[in-house]
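Residue-level structural notes
Here is how the chains run, residue by residue.
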Amino acid sequence: MPAPAGDPQAPLRALIFDAQFDTHRGVIVYLRVFEGVVQKGDRIMMMSTGRSFEVSEVGLLRPQLAPTEALAAGQVGYLTAMIRNVSDSRVGDTITHATRPAAEPLPGYREVQPMVFAGLYPSNSDDYGDLKDAIDRYALNDPSFTYEPETSAALGFGFRCGYLGLLHMEIVQERLERDYGLDLVNTAPSVRYRLRLTNGETLEVENPAMFPEAGRIEAVEEPVVKAEITCPHAYVGACMKLCEDRRGEYLDTKYLDGERAQILYRLPLAEVIVDFFDDLKSVSRGYAILDYEPVGYQPADLVKVDVFINMEPVDALSFVCHRLVAERRGREVLQKLRREIPKQMFEVRLQAGIGRRIIASEKIAPLRKDVLEKCYGGDVTRKRKLLERQKEGKRRMKQIGRVEVPQEAFMAVLRRD
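The following refers to the structure shown. (Residues numbered from 1 in each chain as written. Predicted model: local features only at pLDDT ≥ 70, side-chain atom pairs only at ≥ 80, totals over all residues. Heavy atoms only, no water.)

What follows deals with the sheet that holds strand S14 (residues 184-186). Ordered by their spatial adjacency, four strands build an open sheet running S12-S13-S11-S14, and the pairing between neighbours is antiparallel. In this open sheet, the two edge strands, each paired with only one partner strand, are strand S12 (146-152) and S14. If you compare each strand with its neighbour and ignore which way they point, the axes differ by 30° on average. Running over the sheet, helix H1 (residues 128-139) touches strand S11 (116-122), S12, strand S13 (156-163) and S14 and is turned about 20° from S13. Against the sheet, helix H2 (residues 166-180) touches S11, S13 and S14, its axis set at about 170° to S14. (Pairing = 2+ DSSP bridges. Helix = DSSP H or I, 4+ residues; strand = E, 2+ residues; numbered from the N terminus. Axes fitted to C-alpha atoms, helices over the stretch in contact; angles between N-to-C directions. Contact = heavy atoms within 4.5 Å.)

What follows is the structure, given as structure tokens:
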């Protein structure tokens, strides 16, 4: 095989293909030098962010880290420059000299964009400080993970986190719980919507609780993906029906050979991120393969559905769906919440509404103590007095009682039957 080509006299252009965080040396950047030379003491610049650093060490991979004088065009190695954040050295970015920069970066780099957003809260509000430290440490080694503080009326202080997908979300939660000993609550995942308001402004909202009032919204756009489903011929009809049920737009069908077909659909990302893959495997008996890529935004008739527990809105349970299925989805969510939320000593009323209009309602019956157990006879007014006293106690308890919502209830919002 021919040796790698490159001009050592040209301005430096090196490709970052990996990076890891070291407690003592900061970020260790693994790179391939395409043009130019980099050595200790050089002032380098990341072309995507414009941030500059001074190189403290360069070396080769043998496979252990072996320091050397310089890395020239065609070589693969590593460098350290006291970079304190992995997000400053993104995979695919181009490194150049700060004093003699290259005219353009190496082609092919595209910044990672989160596709799924969810709230992350500690089960005990006293653990917020520990969660913040844990997320800060985890983010050092995962540049694709984004987060920002947020507050929920039901869950207290937490973070709004961005993930590449549901698998990434599960991995992050598992790592935080296992490595840092935390007990976390993850809200239902959502996507980023683009809103056009009546005053001409454009907002991008990934949290349903942050949606403005319906009267201020002129149009809503949701992200869509181009999905490629490969499956045997026998399951083409079932896969197409699943896509149609998820508001999919049919594009094309390609027959690859005598046994397999490839179906192309345009699907809303919100319909894909939760359990579309599981349903696809079910209808195809495990044979279907899914691949998708984002293709932008499209307008849709979407509404925000609020969930109320005892007349109090729970912003963490709010969700966005199509107007035609809002009533059915609201009823399904309340029925699942009714099964997930344990019974209290007082009646719990569950409601779903769009704005001020209630579209579904459920009740959780209270736990009742048999106050007439010791009454073996006597006047009926004695029994009525005990029942009225119990009724009054439950009424006062309902005024001050607080319903604890378990973790399973949050995922039940988007889980389908």
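On we go.
With that settled, consider the nonpolar core. By size, the foremost hydrophobic cluster in this structure holds 50 residues, and its most contacted members are Leu 176, Ile 229 and Phe 276. Here the element with the most residues in this core is strand S17 (residues 217-232); it accounts for six residues. (Core = buried A, V, L, I, M, F, W, Y, C linked by side-chain atoms within 4.5 Å. Buried < 20%, exposed > 50% of the residue type's maximum accessible area, 1.4 Å probe, protein only.)

Moving on, we come to H2. Over its 15 residues, H2 runs 21 Å from end to end, which matches the ideal 21 Å to within 8%, given 1.5 Å per residue. Listed as buried for H2 are Leu 166, His 168, Met 169, Val 172, Gln 173 and Leu 176. Relative to the axis of H2, the buried residues are bounded by an arc of 165° and lie together on one face. The exposed residues of H2 that point more than 90 degrees off its buried face are Leu 167, Glu 170 and Arg 178. Against S11, H1, S13 and S14 lie the buried residues of H2. Just downstream of H2 lies Gly 181, where phi reads positive at about 65°. (Expected span 1.5 Å × (residues − 1). Arc of directions from axis to C-beta.)

Along the chain, Asp 88 turns up in the loop between strand S9 (76-80) and strand S10 (94-97). A distance of 3.0 Å separates a polar atom in the side chain of Asp 88 from a polar atom in the side chain of Arg 51. If sequence neighbours within four positions are ignored, Asp 88 has contacts with Met 46, Arg 51, Phe 53 and Ile 83. (Polar contact = N/O pair within 3.5 Å; in protein donor to acceptor, adjacent residues only side chain to side chain.)

The pairing of strand S4 (residues 43-46) with strand S5 (residues 52-54) spans three bridges and is classified as antiparallel. Its bridge partner lying in S5, Arg 43 is registered against Glu 54. Counted between consecutive antiparallel strands, the loop separating S4 from S5 contains five residues, among which Gly 50 sits at a positive phi close to 80°. One ladder, built from three bridges, connects S4 with S10; its direction is antiparallel. Counterpart to Met 45 in the pairing with S10 is Thr 96.

Enumeration according to the criterion identifies 20 salt bridges in this entry. Among the ionic pairs, Lys 132 bridges to Asp 136, the shortest N-O distance being 3.4 Å. One end of the pair, Lys 132, and the other, Asp 136, are both in helix H1, four residues apart, so they sit about a helical turn from each other. Measuring nitrogen to oxygen at the nearest pair gives 3.2 Å for the salt bridge that ties Lys 241 to Asp 245. In this pair, Lys 241 and Asp 245 both sit in helix H3 (residues 236-245), four residues apart, roughly one turn of the helix. As far as the burial class goes, Lys 241 and Asp 245 line up, both exposed. In this structure, a network of salt bridges that share partners links the residues Arg 192, Arg 194, Glu 204 and Glu 221. (Salt bridge = Lys/Arg side-chain N within 4 Å of Asp/Glu carboxyl O.)

The next thing to look at is the packing of aromatic side chains. Taken as a whole, this structure holds 10 aromatic pairs when the rule is applied. A ring pair is formed by Tyr 138 and Phe 145, whose centres lie 5.6 Å apart and whose planes are at 80°; its orientation type is edge-to-face. For the pair Tyr 138 and Phe 145, a shared accessibility class is recorded, and that class is buried. Residues Phe 145 and Tyr 147 carry aromatic rings whose centres are separated by 5.8 Å and whose planes lie at 20° to one another, so their mutual orientation is stacked. Of the residues examined, Phe 145 reaches a relative accessible area of 5% and is grouped as buried. A residue is classified by how much of its surface remains accessible, and Tyr 147, at 31% relative accessible area, is partly exposed. An aromatic cluster of three or more residues is present, and its members are Tyr 128, Tyr 138, Phe 145, Tyr 147, Phe 157, Phe 159 and Tyr 163. A cation over a ring is seen here: Arg 32 above Phe 34, with NZ or CZ 4.1 Å from the ring centre. Geometry around Tyr 297 places Arg 194 over its ring, the cationic atom sitting 3.9 Å from the centre. (Phe/Tyr/Trp six-rings, centres within 6.5 Å; stacked < 30°, edge-to-face > 60°. Lys NZ or Arg CZ within 6 Å of the ring centre and 35° of its normal.)

With that out of the way, let us pick up the packing of H3 against helix H5 (residues 276-283). Between two packed helices, both the angle of their axes relative to each other and the distance between the axes serve to describe the pair. Contact geometry for H3 and H5: axes closest at 9 Å, N-to-C directions at 155°. In this view, H3 runs roughly antiparallel relative to H5, as classed from their interaxial angle. Between H3 and H5 lies a crossing whose hand is right-handed. Across the interface between the two elements, Ala 238, Cys 239, Leu 242 and Cys 243 of H3 pack against Phe 276, Asp 279, Leu 280 and Val 283 of H5. Residue composition of the contact of H3 with H5, grouped by class: seven nonpolar, no polar and one charged. (Parallel < 35°, antiparallel > 145°, perpendicular 65-115°, else oblique. Left-handed = near helix turned anticlockwise from the far one by under 90°. Nonpolar A, V, L, I, M, F, W, Y, C, P; charged D, E, K, R; others polar.)

The strand order across the open sheet built from eight strands is S5-S4-S10-S1-S2-S9-S6-S7, with neighbouring strands paired in antiparallel fashion. Edge positions in the sheet fall to S5 and strand S7 (65-68), since each of these pairs with one other strand and no more. Geometrically, the sheet is characterised by an average inter-axis angle of 40° between neighbouring strands, direction not taken into account.

Side chains of Phe 17, Leu 61 and Val 76 sit close together on the surface and give an oily, nonpolar patch of about 230 Å² of accessible area. On the secondary structure map, Val 76 appears in strand S9. (Patch = residues over 30% accessible without salt bridge, like charges linked within 9 Å, V, L, I, M, F, W, Y side chains within 5 Å. Areas by Shrake-Rupley, 256 points an atom, 1.4 Å probe, with all protein chains shown as cover.)

Keep in mind that these numbers describe shape and distance, not what the molecule does.
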